[in-house]
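Chain by chain, the residues:
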Amino acid sequence: MKLDTLAGWARRLRARDISSRELTEFYLGRIDRLDSQLNSFISVTPDLALAAADAADERLARGDEAPLLGLPVAQKDIFCTFGVRTSCGSKMLDNFIAPYTATVVERMNAAGAVMLGKTNMDEFAMGSSNETSHYGPVRNPWDPERVPGGSSGGSAAAVAARLVPAATGTDTGGSIRQPAAFCGITGIKPTYGRVSRYGMIAFASSLDQAGPMAASAEDCALMLNAMAGFDPRDSTSVERPVEDFTAGLGADLKGLRIGLPREFFGEGLDPGVRAATEAALAVLRERGAELIEISLPNSGLSVPAYYVVAPAECSSNLARYDGVRFGHRCDEPRDLTDLYTRSRAEGFGAEVKRRIMIGTYVLSAGYYDAYYLKAQKVRRLIADDFRRAFGQVDVIAGPTSPETPFRLGEKSADPVQMYLSDIYTIAVNLAGLPGLSMPAGTVGNLPVGMQLIGNYFDEARLLGVAHQFQQETDWHARMPAAFV
Amino acid sequence: MEWETVIGLEIHTQLNTVSKIFSGAATAYGAEPNRQACAVDLGLPGVLPVLNAAVVEKAVMLGLAIDARIAPRSVFARKNYFYPDLPKGYQISQYELPIVEQGHLDIDLEDGSRKRIGVTRAHLEEDAGKSLHEGFTAMTGIDLNRAGTPLVEIVSEPDMRSAKEAVAYMKKLHALVRYLGISDGNMQEGSFRCDANVSVRPRGRTEFGTRAEIKNLNSFRFVERAINFEVERQIDLIESGGTVVQETRLYDPDRDETRSMRSKEEANDYRYFPDPDLLPVVIHAEDIEAARRRLPELPDAKRERFISAYGLSAYDAGSLTASRELADYFEAVAAGCGAPKLAANWVMGDFSAALNRSEAGLAQSPVSAAGLAQLLSRIQDETISGKIAKEVFDAMWAGEGGADAIIEARGLKQITDTGAIDAIIDEVIAANPSQLEQYRSGKDKLFGFFVGQVMKKTRGQANPAQVNERLRARLQGD
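Residues numbered from 1 in each chain as written. Chains lettered and ligands numbered in written order. Predicted model: local features only at pLDDT ≥ 70, side-chain atom pairs only at ≥ 80, totals over all residues. Heavy atoms only, no water.

### Some words on the overall build of chain B
Here comes step 1: A tally of regular secondary structure across chain B gives 15 helices and 16 strands.
Here comes step 2: Radius of gyration (C-alpha) of chain B: 30 Å, far over the 23 Å computed for a compact globule of 478 residues.
Here comes step 3: For chain B, with 478 residues in total, the buried portion stands at 52%.
Here comes step 4: Pairs at least 24 residues apart make up 68% of the contacts formed inside chain B by residues separated by at least 6 positions.
Here comes step 5: Accessible surface computed for chain B: about 22,200 Å², of which carbon and sulfur atoms make up 49%.
Here comes step 6: Both charge centroids of chain B, one from 57 positive and one from 70 negative side chains, sit 2 Å from each other. (Helix = DSSP H or I, 4+ residues; strand = E, 2+ residues; numbered from the N terminus. Rg over C-alpha atoms; globule rule 2.2 N^0.38 Å. Buried < 20%, exposed > 50% of the residue type's maximum accessible area, 1.4 Å probe, protein only. Contact = heavy atoms within 4.5 Å. Areas by Shrake-Rupley, 256 points an atom, 1.4 Å probe, with all protein chains shown as cover. Lys, Arg positive; Asp, Glu negative; His and termini not counted. Charge placed at Lys NZ, Arg CZ, Asp CG, Glu CD.)

### Side note on a nonpolar patch on the surface
Here comes step 1: A grouping of A:Y361, A:Y367 and A:Y371 is seen on the molecular surface, where their side chains present a nonpolar patch of about 280 Å² in accessible area.
Here comes step 2: Relative to the assigned elements, A:Y371 resides in helix α12 (residues 369-392). (Patch = residues over 30% accessible without salt bridge, like charges linked within 9 Å, V, L, I, M, F, W, Y side chains within 5 Å. Salt bridge = Lys/Arg side-chain N within 4 Å of Asp/Glu carboxyl O.)

### Here we look at the interface of chain B and chain A
Here comes step 1: Taken together, the contact pairs 29 residues of chain B with 39 residues of chain A.
Here comes step 2: Each partner contributes to the roughly 2,700 Å² buried at the junction of chain B and chain A, and carbon and sulfur atoms together form 59% of this total.
Here comes step 3: There are one salt bridge connecting chain B and chain A.
Here comes step 4: As a salt-bridge pair, B:D277 and A:R197 come within 3.1 Å of each other at their nearest N and O atoms.
Here comes step 5: Our enumeration of links across chain B and chain A arrives at 17 residue pairs in polar contact (both at pLDDT 80 or more).
Here comes step 6: Only β4 (76-80) and β15 (273-274) of chain B provide two or more residues apiece to the side of chain B that touches chain A.
Here comes step 7: Residue composition of the side of chain B that touches chain A, grouped by class: 20 nonpolar, four polar and five charged. (Buried area = accessible area lost by both parts, 1.4 Å probe. Polar contact = N/O pair within 3.5 Å; in protein donor to acceptor, adjacent residues only side chain to side chain. Nonpolar A, V, L, I, M, F, W, Y, C, P; charged D, E, K, R; others polar.)

### Side note on the side chain of B:S365
Residues and elements named next belong to chain B.
Here comes step 1: Considering the arrangement of structural elements, one finds S365 in the loop between α8 (340-358) and α9 (369-380).
Here comes step 2: Look at S365 and you get buried, because its relative accessible area is 15%.
Here comes step 3: If sequence neighbours within four positions are ignored, S365 has contacts with F351, L355 and W397.

### Quick look at the packing of aromatic side chains
Here comes step 1: Going through the model one piece at a time under the given rule, you end up with 34 aromatic pairs over all chains.
Here comes step 2: Between A:W9 and A:F26 the ring centres are 6.2 Å apart and the planes differ by 55°, which places this aromatic pair in the tilted class. With a gap of 17 residues between them, A:W9 in helix α1 (residues 6-14) and A:F26 in helix α2 (residues 20-34) connect regions that are remote in the sequence. Here A:W9 and A:F26 have matching classes, each one buried.
Here comes step 3: Measuring from centroid to centroid gives 6.1 Å for B:F351 and B:W397, while their planes differ by 75°, and the two rings are edge-to-face. One end of the pair, B:F351, is in helix α8; the other, B:W397, is in helix α10 (residues 386-397), with 46 residues separating them in the sequence.
Here comes step 4: Note on B:F351: relative accessible area 0%, which makes it buried.
Here comes step 5: Looking at B:K171, its charged tip hangs above the ring of B:F220, at a distance of 5.4 Å from the centre.
Here comes step 6: Above the face of the B:W346 ring, B:K390 is positioned so that its terminal group lies 5.5 Å from the ring centre. (Phe/Tyr/Trp six-rings, centres within 6.5 Å; stacked < 30°, edge-to-face > 60°. Lys NZ or Arg CZ within 6 Å of the ring centre and 35° of its normal.)

### Remarks on the pairing of strand β2 (residues 72-76) of chain A
Residue and element names in this part refer to chain A.
Here comes step 1: Buried residues dominate β2, accounting for five of its five residues.
Here comes step 2: Side chains P72, A74 and K76 project from β2 onto one buried face, and the interleaved V73 and Q75 project onto a second face that is buried too.
Here comes step 3: In the sheet, β2 pairs with strand β3 (residues 114-119) via five bridges, with the strands oriented parallel. Each residue of the ladder has a partner; that of A74, found in β3, is G117. (Pairing = 2+ DSSP bridges.)

### Things to note about the nonpolar core
The tendency in soluble globular proteins is for nonpolar side chains to be buried side by side.
Here comes step 1: Counting 165 residues, the largest nonpolar core has A:F124, A:F386, A:L452 and A:L463 as its most contacted members.
Here comes step 2: The greatest single-element share of this core, amounting to nine residues, is contributed by helix α9 (residues 302-317) of chain A.
Here comes step 3: Leave out the neighbours within four places in its chain, and A:F124 touches A:C88, A:S90, A:M92, A:L93, A:I201, A:F203, A:L318, A:Y321, A:F348 and A:V352.
Here comes step 4: Ranked by size, the runner-up nonpolar core spans 64 residues in total, among them B:L9, B:V152, B:M187 and B:V223. (Core = buried A, V, L, I, M, F, W, Y, C linked by side-chain atoms within 4.5 Å.)

### As for the side chain of A:N130
Residue and element names in this part refer to chain A.
Here comes step 1: Position of N130 among the secondary structure elements: in the loop between β3 and α5 (153-160).
Here comes step 2: Overall, N130 belongs to the buried group, its relative accessible area being 0%.
Here comes step 3: Of note is the side chain of N130, whose polar atom sits 3.4 Å from the backbone oxygen of S151.

### So, the sheet that holds strand β7 (residues 114-126) of chain B
Residues and elements named next belong to chain B.
Here comes step 1: Spatially, nine strands are ordered β2-β6-β7-β10-β1-β11-β12-β13-β14 in an open sheet, and the strand pairing comes out mixed. Every other strand in the sheet has two partners, leaving β2 (69-70) and β14 (257-263) as the edge strands with one partner each.
Here comes step 2: Sheet topology places β2 next to strand β6 (residues 100-108); two bridges connect them, and they run antiparallel. When the bridges of β6 are listed, I70 appears paired with V100.
Here comes step 3: Strands β1 (3-14), β6, β7, β10 (150-156), β11 (192-202) and β12 (212-217) of the sheet are contacted by helix α2 (residues 163-180), whose axis makes an angle of about 115° with β6. (Axes fitted to C-alpha atoms, helices over the stretch in contact; angles between N-to-C directions.)

### Describing unusual backbone geometry
Here comes step 1: For the bond from A:G150 to A:S151, the omega torsion is 10°, close enough to zero to count as cis.
Here comes step 2: Among the secondary structure elements, A:S151 is positioned in the loop between β3 and α5.
Here comes step 3: At A:C88, a residue that is not glycine, the phi angle is positive and equals roughly 60°.
Here comes step 4: As for its position among the elements, A:C88 is in the loop between β2 and α4 (103-110).
Here comes step 5: By relative accessible area, which is 0% here, A:C88 ends up buried.
Here comes step 6: The phi torsion at B:Q102 lies on the positive side, around 55°, for a residue other than glycine.

### Structural notes on the domain arrangement of chain B
Here comes step 1: The domains assigned to chain B are domain 1 (3-268), domain 2 (297-410) and domain 3 (418-475).
Here comes step 2: Between the C-alpha centres of domain 1 of chain B and domain 3 of chain B there is a distance of 64 Å. (Domains from an automatic or database assignment.)

### A few points about α5(A)
Residues and elements named next belong to chain A.
Here comes step 1: Counting buried residues in α5 gives eight out of eight residues, a clear majority hidden from the surface.
Here comes step 2: G153, G154, S155, A156, A157, A158, V159 and A160 are the residues of α5 that are buried.
Here comes step 3: Where α5 is buried, its residues touch β1 (41-44), β2, β3, β4 (166-171), α6 (177-183) and β6 (209-214).
Here comes step 4: Downstream of α5 by a residue or two, R162 has a phi angle that is positive, lying close to 55°.

### Some remarks on the sheet that holds β15(B)
Residue and element names in this part refer to chain B.
Here comes step 1: Strand order in the open sheet formed by three strands is β5-β4-β15, with antiparallel pairing between adjacent strands. A single partner strand is all that each edge strand has here, and the edge strands are β5 (90-94) and β15.
Here comes step 2: Of the pairings in the sheet, the one linking β4 to β15 comprises two bridges and is antiparallel in character. From the neighbouring strand, A77 faces β15, where its bridge partner is P274.

### Let's talk about the pairing of β4(A)
All names here are of chain A.
Here comes step 1: Counting buried positions along β4 gives six out of six residues, so the element sits mostly inside the fold.
Here comes step 2: Judged by which residues are buried, β4 turns out to be covered on both faces: A166, T168 and T170 on one side and A167, G169 and D171 on the other are all buried.
Here comes step 3: As defined by bridge partners, β4 adjoins β6 across six bridges and the pair is classed as antiparallel. Within the sheet, the bridge partner assigned to T170 lies in β6 and is A210.

Structure below.
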């Protein structure tokens, strides 16, 4: 069978060219055959998938027009799915069968999506390489010696290798965009509040946001249509009508003002990534966009501010994993303190522990003002930078990551080097803006991603720019040779 | 040395909402363990809190009732600590920006004066679950039904100077939350409980002594006894050369003493920070006005009205307005019988006594306000005397029926027929010639003897005023 995009499969399902069961079996077969090279799934759920596919086929036969009807997808293992292990990449939740379903999953199920399984991820979404997963690292389909990025590395690798046409991701500091860039796919982190966080296991609540990862901007738009929307169960979700994100895909780029922050093209940027990004920008200019140099003067503060705010929130969010009600519990605890300390020492990996300790420290009496409060002020400065910039330009563009995928183990010993992998993406989370990464070229065999940042709730515009770029280029359609 | 006691109270009041503060689970008391704990209350991975708007309304009503400032913007914060009955590892509370600030409550002192007690703040928070130790060996049971129950914590200034003042403040606040209808105030079920901060200092000194915090006092009596014990303990300690250390103490009612629970050094660093899962609570002027319109008449205003409208004494008005139910009951009785003072005497007297004896709440009283009003009407229209009315009341309490039915059935109707009374008087006089002689020769005290004899013969049913009048005339020999 010839591979297709999510949008392509949707058309073929509706044309009754193929059934959802056939499509589901086809992708389950690919996972079965190929995932041993990648380790992109933590759980594959063929029985549930085939039952959902059969149900979708019945609905298709009745002429049901649900937008994702019969389409196979994968859920990042951070989303609670009723009756299915929801591990969050951690030993802590290896035994956790979710007793309820996340809003995102519920909405996608209602739209007719067929879940094939749960994808691998950095433990509790803390990592930029997928090496912190309790279930082992995911490998980059373009080069198995290299990382797929993280934390949504399983979703990115699975989509890049076409083990599934689309998957969900979550992005706290770049966890959708950086792996999308490393694996040569398209991913969008929507505006904070666009997509419900209910049932999405929290890492840093004020930054976490779910979004789609797929081969193309069009596929992401289809996915986002199903994922986005107000949820009364999430107080931070925004009560605002959801537009049809596919509607603006055809908008041309004439007169579009694209801002290029000089801070994103400075020191530390790999020359190959720079060249690929500049070539991609030239394509956009040829389509009529205007390139304007801008400045985001406080963007250099984003990594340090992020590594105060995110650990602070995580130290509190992860307090519930105490061995009392669910999750890992140590054997034969001697007393309460022993239960807590051993359950947590055994259940959490090193990176999670590091962040819990940093977060506990920055919130401690006497340090709160110097760290947490200061970081929140920096956050406001960063948001102000963007607000000023969007007075001048419609979209901001630059490289998603300063480099191409690095080798497994290359940065494991140096957390700060690892953290710098997200230097261009983190500011977007701190400001709560939407950000997209799309394949923009290659360095050698390795993909390069370009990031597009939009104003609040301007996802449709970002998807439109990416779609126009993808009409002109075929980077998004290229596949790693081993998986063709 | 003469010592002065300084007390501040932190009172936790459960708000009587149908569902919890951040989830849709029910708040009803007494369910099977963990049957009223939903995914949010259990702190499952991925769940999020959503604020129950009714909780905010109730807090605003409280703030208005204590003349406090209602914060236009208040913020929920996380108070982080590990405990098995705290499912998320943090309690959602308010810290830097509480919903209510700077109010006050006036208490009545024994000498009849009033004293103003400052309320520093009142903030919203969720209750924790309960750890159960009975029935488990080498383990602890956790019941999370209570987890997420809405609480308002009301923090006073250190303005109280004796255990009695502390109890007066606590009672006043207890009455207030029940007047407002924002809490059932049930102390046995923990709906209204108190932490007391207690210190002593030499009289005349302005700076405070080191305080101890006594946790979880759930009755007025325990508050009084715990504070008195603690004051004695601190004075004894200082006078014997020791120093008070800042610590948390527990009151043991069985031994009537407080015991150290943890010292300041062992205190948790709660690492408060604004809860990123919840938006700030924004309250507009219109919301405050809407809440103001919903306020019932408050105890102090009601007390003033009872004095001016019913002519009651300040003491009686104070007693009758101590609880909203009692005040409502009184007003219904007064309206029903048209005699407010008589109603006040009965409600505070026989009625309250019977209620206390039965240990029932007012709501379970076997004598309704309308029933009591009927009884009092019969005193008013002289169908029965006040004395007979007590007998009728006891019968009503025992469930024998309404006042009129009992009077009829027992034949208790007052004798007001002058001829009948005169006949009985004549009989009595005729039967006691020597007493008559003594009376006529100046032994006035014997008048009471004759009254007694007449009443005895009529089984108390003769109208006492008439008996007095007729008897006096007859005895004088007219």
